[in-house]
Amino acid sequence: MKVSNPLWKEKLAGKMPEHLAREIDIFETEITLRKQGKLEEKLFAETRLRRGAYGQRYDNGQRSDGQKVQKLNFPSGDLTKGLNTLWDAPGMQRIKIPGGGLNAEQLEVMAELAEEYSDGIAHVTTRQDFQLHYVHIDDTPALMRRLAAANITTREACGNSVRNVTACPYAGVCTDEAFDVTPYSQALAKFLLGHPDCQNFGRKFKPAFSGCAQHACGLTGLHDLGLIAKKRTNEATGREELGFEMYVGGGLGAVPYQAKLFDEFVPPEELLPLAQAIARVFARHGEKKNRNRARIKFLIQDIGIEKFRELVREERKILPFDPRWTEYIAEAQTQFTEAPLKPAVDVTELVLISGLNGHGPEFQKWLQSNTRPQRQPGFVTVTVALPLGDITANQLRSLADIARRFTRETVRTTVEQNIVLRWVSKGDLAELYKALHAVGLGDAGAGALVDITSCPGTDTCKLGISSSRGLAAELRKRVSEKSFTSDQAVQNLHIKISGCFNSCGQHHVADLGFYGVSRKIAGYAVPHFQVVLGGQWERNAGSYGLPVVAVPSKNIPKVVSRLAERYVADRKTGEIFKDFVVRTGKAQLKALLEDLTKPPAGDRSFFSDWGDPREYTLGDMGEGECAGEVVSPLDFGLAAAERELFEAQLAHERGEPQRAGGGAYRAMLTAAKALVQVEHSDIGNDPDQIVNEFHARYYDTQLFFDPFAGGKFANYLFDAHRKAGQSYTSESSRYLMDEAQLFIDAAYSCSNRLGTLVTA
Amino acid sequence: MMQGILEEAIGLELQHINAKLLLENPEQLDLDAVVNVFHSWIQDQVCEELLLDVADYRHVHQGPGIILIGHEADYSIDNADGLLGLRYNRKARLEGSNHDRLAHVIRAALIAAERLQADTRLNGKCNFNGQDIQIFINDRVIAPNVAETRQVVEPELRTFLGSLFGELPYSINFEPDARRLCAVSIKASQPLTLSSLLANLEASKRTSHGIA
C-alpha cells in the first residue's frame, strides 16, 4: 500500500543485521511469487505466519454489518495470502521481543510503525510481544526492515515454530530470584531462531524462563518448555552451582495442561542442547495431521513423561556437538548487563509525596501498586500500566524519553500486557510519576483488579466468539468507580478474559477468568462468557480455575460485583480467592450466579456485545491461523529452490550472468538438499556432500528418475556441480536456469512419488 | 535514520496525507453514538472508500479515539494531543499533483464532517468550525519531519490554502519534533462553514481545469 515501500530497502542497506536483511529479501520475493501465482497458497500462508504476519477477522472477504453479510470487494480481487484469506484484507503483525527487553530507540521505531502501517496503536501481548493491527501484507517487508534496523525480528512470531522466548521482566533485579535468567533466555532465543531442528513442528512451541518458583512473572507452568532458575551446592566441591528446573508440556487452550517436571537440575551448558533434543523429539514424534492434538503436551500425554524423557536423552547423546551451546550463553552474559543511570537514593514515602503538588493520594496509590524494590538498594522497578495492553505512538515516544531520562533504557514488556522500567533511582520517583502522568501513563493499579488482561477477541481475531476487549474496557470502568469495593483482597484479584476457549487471555490462571461462548436464546445467538474461578496466577501459574457457568456478556459486570461481595462477606481470615472458591464449591457458586444466566425479558441490548452495536452473530468467525497448515521441510526446501531460481532470473534480466548462473546452480542444490533431508536431517551446506548424498539416495536408487526421461534431470545437477566456479555467459546462464527449472520440477514429481514418506 | 533520507524530500510527491478538522465544544459529543454512526456508514458504504470495521480506542489517553477502518483510508474521531477532531488518513496512493492530493484529502474530510454534523443521532453536538485544520504526511521516508521538508512543502501548502480559504488570512505552525510526523496546524482568522470550504475547493478545481 505505501508508496514508499521500495525505498526502505535502499535506505536501510547496511543498517540491518545481514541475516535479517536476507530473510526479509526472501519474504519479499515470496510475496512477488505469490502475486504471480508461482507460490502455492498453503506454502505462502505458512511462510507468512513464520514472519509474524497473521490473518485478521473478516479476511475471508465478508463481514456481517448487523443487518446483512457484506462482501468486501477489495481491489486485488480473489488473490489470497492463505486459505480463505484475501490479499488486501488487513492483517496483524506480531513482533517478537525476547524476554520483553527493549531500548528507547526500539520504542520509537514501534511508534513510527504503529502510525505509518497500523492504526496508531501498539499492543503488548500476554507473551511479551508487540502486535500491530490492520496492516497490509504489501507493507510488511518495509515494516520488517525498519524493525531489523533496530535489531528486532518478526521471524517465527507465528506459525508452527518456536515462539517468543519469554522471561520474568524483573530478572536480575528481583529480590528473591535464584539468579538472573536474562542471558540464558536470550541465548536460547538466538539459538532456536531459525534452527533447522525447529522447522518441522506440527504446532507452535513456547519457551519461558522464571527466576523463581513462587511468583507468577514467568508463567512457566503453562509453557511447552518452562525453565526455573535454581541454585544447588555441589556435594563434592562444596561450591554453589547454577542450573534450571526444566518443565515440559504445559499449555492452556481448551483443556489446560500443567507442565511436567523433566529434570530437577539442568546445568547451563546443557540448556541449549537439551532444548534442541526436545525440539527434535517433538518434530519427529509429535502429531502432524490433527492440529488439535499437535502441541507437545499431547505427545507427552500419549507416551508418558518417562518415555518422553528417555527419547530426549537418547537424542541428546547423538546430537552433533555445537559450540554455540556455550558460546551464545557467554556472549549473552556480556551483552545483557544493566547498570543504573542515576545513583541510588533512598528516601521515605513522605518525602516523595511532598514533592507532588496535587498528586498526593494518586501518587501514593501508584507507589503501592506500580513500584517494587529491586534487590539493589535504592532502586525500584516501575510498572507502566497499559489499558488493555494498548499504547499510542505519542506515548511510546514519551516513554522512550522517560526511559532515557531516568534509566539506561532498561525497559521490558510483561505478560500482564504492561511495560516495566528497571533501575529507577528511588529519589526520582516523584519526577518520574509526573512525567508518566503527563502523558497518561501514570495510572495506578498495575497487577491489580483494574489491570485486566484480554486477548483481541472479536475485535480482530478470526476465532473470537465474544468481545473480550469490549468486556475488559467495561469492567475497567466499573471497578475503577468509587462505588466499587475498596477491599484490598478484592483489589488484588486478577481478571483475565479470552474471546474464545483457546485461552489467549490466559483466563485459566485468573482469580476471575472469562472466555467467550455463545448461546441461543429465543432463536437468537447471544454473546456469553463462561465464568472460570479460582485459577492461580502465582507459583508460575500453579493451578487452573474451575468453570462454573456461562453468563450473557452484558451480565458479566454483575458477576464480578456479586462474587467480590460474597468473597468479602464469607472469606475466612487470610483466605485467598482460590481457596475460597474450592471451599465454596461449584454448586454454590453456580447457584449464586444462576439468575444472571438469562437476559432480562425484552432487553434487546443482550443481543449485541460490549462495544459493538451490531446484532451479534457467529457468522464472522473464520478459520484460525494460530498455526498454519503443516508444511514439510521438503515443501519449504523446494519453494526456496524456486525462489532462488526466480532471483537468478532477475539477475539475468539485469545483465548479471555470473550471479544468474550461480543462482541457478544453488537453486538445484537447494532442491537436492531438501530431498536428502527427508532421510538425513543433519546434512549440512557443503555442495559436495549434498551432491554425493543426492546421488546415493536418489540417483543410484532411481527414486529421482522420471518415468520417461530417466536420470536426465539429475544429470543437470551433476554437470552444474562439476562446472561450479567457472564463469557463466549470458547464454550459458540462461541454459542453466532452464535446466534448474526442469530439475526443480523433477524434484516436485519425486516429492509426490515419495508420498506419505515425505509428510509422515 | 532521518539524515540519510533528506535528499528524498526534494521535489517530493506527497502521499498518505492525513487531514484533521477540529471539533467545536468536543466535550459535548457523545462518542458512544459515534460508534453507532460509523457502523451505519459501513452498512450503507456511504464513502467512496471500502469501509471495513470500527475500532474503539477510547481507553487510551489522547489516542486515535474511534476509528472507522477502511481499505483506501480510515476515518476517525481522533483525540491525539487532546484535540478531538475528525481525521482522514489516506492509506492508498492518490494520483495527480500535490495540490490535487491535498484537495482530495481535505474534501474527503469535509464531506465526512458534514455528514457527521447532519446526523440526527449526534443531536447537533458534532460541530466543526472550519477554522482549525491539521495536515500530516504519514510517511517518514517521503516526508521526514525536518526543515528541508518543510521548506519544500510550505509553498505548495500555501498555494493550496489560498484556494481553500480564499482571501481569508490564516496562520500555519509546523510540528517541531523531528520524531513525529511532518505536520502542520492551520488556523484561519475566522470560522468557516464546511460547505463554504467545499465550495472553495470546487471553485478552485474548476479554475484549474479552465472551467469558468
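About the criteria used
Residues numbered from 1 in each chain as written. Chains lettered and ligands numbered in written order. Predicted model: local features only at pLDDT ≥ 70, side-chain atom pairs only at ≥ 80, totals over all residues. Helix = DSSP H or I, 4+ residues; strand = E, 2+ residues; numbered from the N terminus. Rg over C-alpha atoms; globule rule 2.2 N^0.38 Å. Buried ≥ 20, exposed ≤ 12 C-beta atoms within 10 Å, placed from the backbone. Contact = placed C-beta atoms within 7 Å. Nonpolar A, V, L, I, M, F, W, Y, C, P; charged D, E, K, R; others polar. Pairing = 2+ DSSP bridges. Axes fitted to C-alpha atoms, helices over the stretch in contact; angles between N-to-C directions. Domains from an automatic or database assignment. pLDDT = per-residue confidence, 0-100. Arc of directions from axis to C-beta. Parallel < 35°, antiparallel > 145°, perpendicular 65-115°, else oblique. Left-handed = near helix turned anticlockwise from the far one by under 90°.

Before going further, it helps to examine the overall build of chain A. Helix and strand content of chain A: 26 helices and 24 strands. Computed over its C-alpha atoms, the radius of gyration of chain A comes to 27 Å, within 12% of the 27 Å expected for a compact globule of 760 residues. Looking at chain A residue by residue over its 760 residues, the buried ones come to 56%. Within chain A, residue pairs in contact and separated by at least 24 positions form 71% of the contacts whose partners lie at least 6 positions apart.

Take the overall build of chain B next. Each helix and strand counted, chain B has 4 helices and 8 strands in total. The linear arrangement of helices and strands in chain B, starting from the amino end, is β-α-β-β-β-β-α-β-α-β-β-α. Seen through its principal axes, chain B has C-alpha atoms that stretch 45 × 45 × 30 Å. Taken across its 212 residues, chain B has 44% of its residues classed as buried. For chain B, contacts bridging at least 24 residues in sequence account for 63% of all contacts bridging at least 6.

With that out of the way, let us pick up the interface of chain B and chain A. On the chain A side, the residues contacting the 37 residues of chain B number 40 residues. Every element with two or more residues in the side of chain B that touches chain A is listed here: helix H1 (31-44), strand S2 (51-57) and strand S3 (65-70) of chain B. Taken together, the residues of the side of chain B that touches chain A sort by class into 16 nonpolar, 12 polar and 9 charged.

This part is about the sheet that holds S3(B). Residue and element names in this part refer to chain B. Pairing in this open sheet of 8 strands is antiparallel, and the strands run S2-S3-S4-S5-S1-S6-S8-S7 from one edge to the other. The strands lining the two open edges of the sheet, one partner per strand, are S2 and strand S7 (170-174). The average angle at which neighbouring strand axes cross in this sheet is 20°, direction not considered. Across 6 bridges, the pairing between S2 and S3 is antiparallel. Counterpart to Leu51 in the pairing with S3 is Gly70. Lying on the sheet, helix H3 (residues 147-165) is in contact with S7 and strand S8 (182-188); it crosses S8 at an angle near 30°.

So, on to the pairing of strand S21 (residues 495-498) of chain A. All names here are of chain A. Residues Ile495 and Ile497 line one face of S21 and the alternating positions Lys496 and Ser498 line the opposite face, and both faces are buried. Across 2 bridges, strand S20 (residues 453-454) lies against S21 in parallel orientation. Looking at S21, one finds that Thr453 is bridged to Lys496. With 4 bridges joining them, S21 and strand S22 (residues 512-521) adopt parallel strand pairing. When the bridges of S22 are listed, Lys496 appears paired with Gly513.

Moving on to the sheet that holds strand S23 (residues 524-533) of chain A. Residue and element names in this part refer to chain A. The 5 strands lie next to each other as S20-S21-S22-S23-S24, forming an open sheet whose pairing is mixed. Only two strands of the sheet have a single neighbouring strand rather than two, namely S20 and strand S24 (546-552). The strands that helix H20 (residues 586-593) touches are S23 and S24; relative to S24, the one it contacts most, it runs at about 10°.

This brings us to the domain arrangement of chain A. Residues and elements named next belong to chain A. Entries for chain A in the domain assignment read domain 1 (5-97 + 121-142), domain 2 (174-335), domain 3 (349-438), domain 4 (453-607) and domain 5 (633-759). Between domain 1 and domain 5, the C-alpha centre-to-centre distance is 29 Å. Tallying the contact residues gives 7 residues for domain 1 and 6 residues for domain 5. Ranked by the residues each element gives to the side of domain 1 that touches domain 5, the list is headed by helix H2 (residues 18-35), at 4 residues. Each residue belonging to the side of domain 1 that touches domain 5 can be placed in one class, and the counts come to 4 nonpolar, 1 polar and 2 charged.

All names here are of chain B. In the predicted model, chain B carries a mean pLDDT of 93, and the fraction of residues at 70 or more is 92%. Note on residues 1-10: pLDDT is under 50 here. Beyond four places in sequence and across chains, it has 19 contacts. Confidence estimates for the predicted assembly give a pTM of 0.90 and an ipTM of 0.94.

Residue and element names in this part refer to chain A. Taken together, the buried positions of helix H24 (residues 712-722) are occupied by Phe713, Ala714, Tyr716, Leu717 and Ala720. The arc enclosing the buried residues of H24, seen along the axis, measures out at 145°, which places them on a common side. For H24, the secondary structure elements touched by its buried residues are helix H22 (657-677), helix H23 (687-699) and helix H25 (730-754).

All names here are of chain A. Two elements in contact, helix H21 (residues 633-653) and H25, have axes whose closest approach is 10 Å; the angle formed by their N-to-C orientations is 165°. Compared by their axis directions, H21 and H25 come out roughly antiparallel. Of the two elements, H21 crosses H25, and the hand of that crossing is left-handed. Each of Leu634, Leu638, Ala641, Glu642, Leu645, Ala648, Gln649 and His652 in H21 lies in contact with H25, whose residues at this interface are Ser733, Arg734, Met737, Ala740, Gln741, Ile744, Ala747, Tyr748 and Ser751. Of the residues in the contact of H21 with H25, the class split is 10 nonpolar, 5 polar and 2 charged.

Chain-level statistics for chain A give a pLDDT mean of 93 and a share of 98% at 70 or above. When the criterion is pLDDT under 50, residues 756-760 of chain A qualifies, and its contacts beyond four places in sequence or with other chains add up to 7 contacts.

This part covers the packing of helix H8 (residues 296-303) of chain A against helix H9 (residues 305-318) of chain A. All names here are of chain A. For the pair H8 and H9, interaxial distance at closest approach is 6 Å and the crossing angle is 110°. As the angle between them shows, H8 and H9 are arranged roughly perpendicular. Contacts from Leu299, Ile300 and Ile303 of H8 reach H9 at Ile305, Lys307 and Phe308. Each residue belonging to the contact of H8 with H9 can be placed in one class, and the counts come to 5 nonpolar, no polar and 1 charged.

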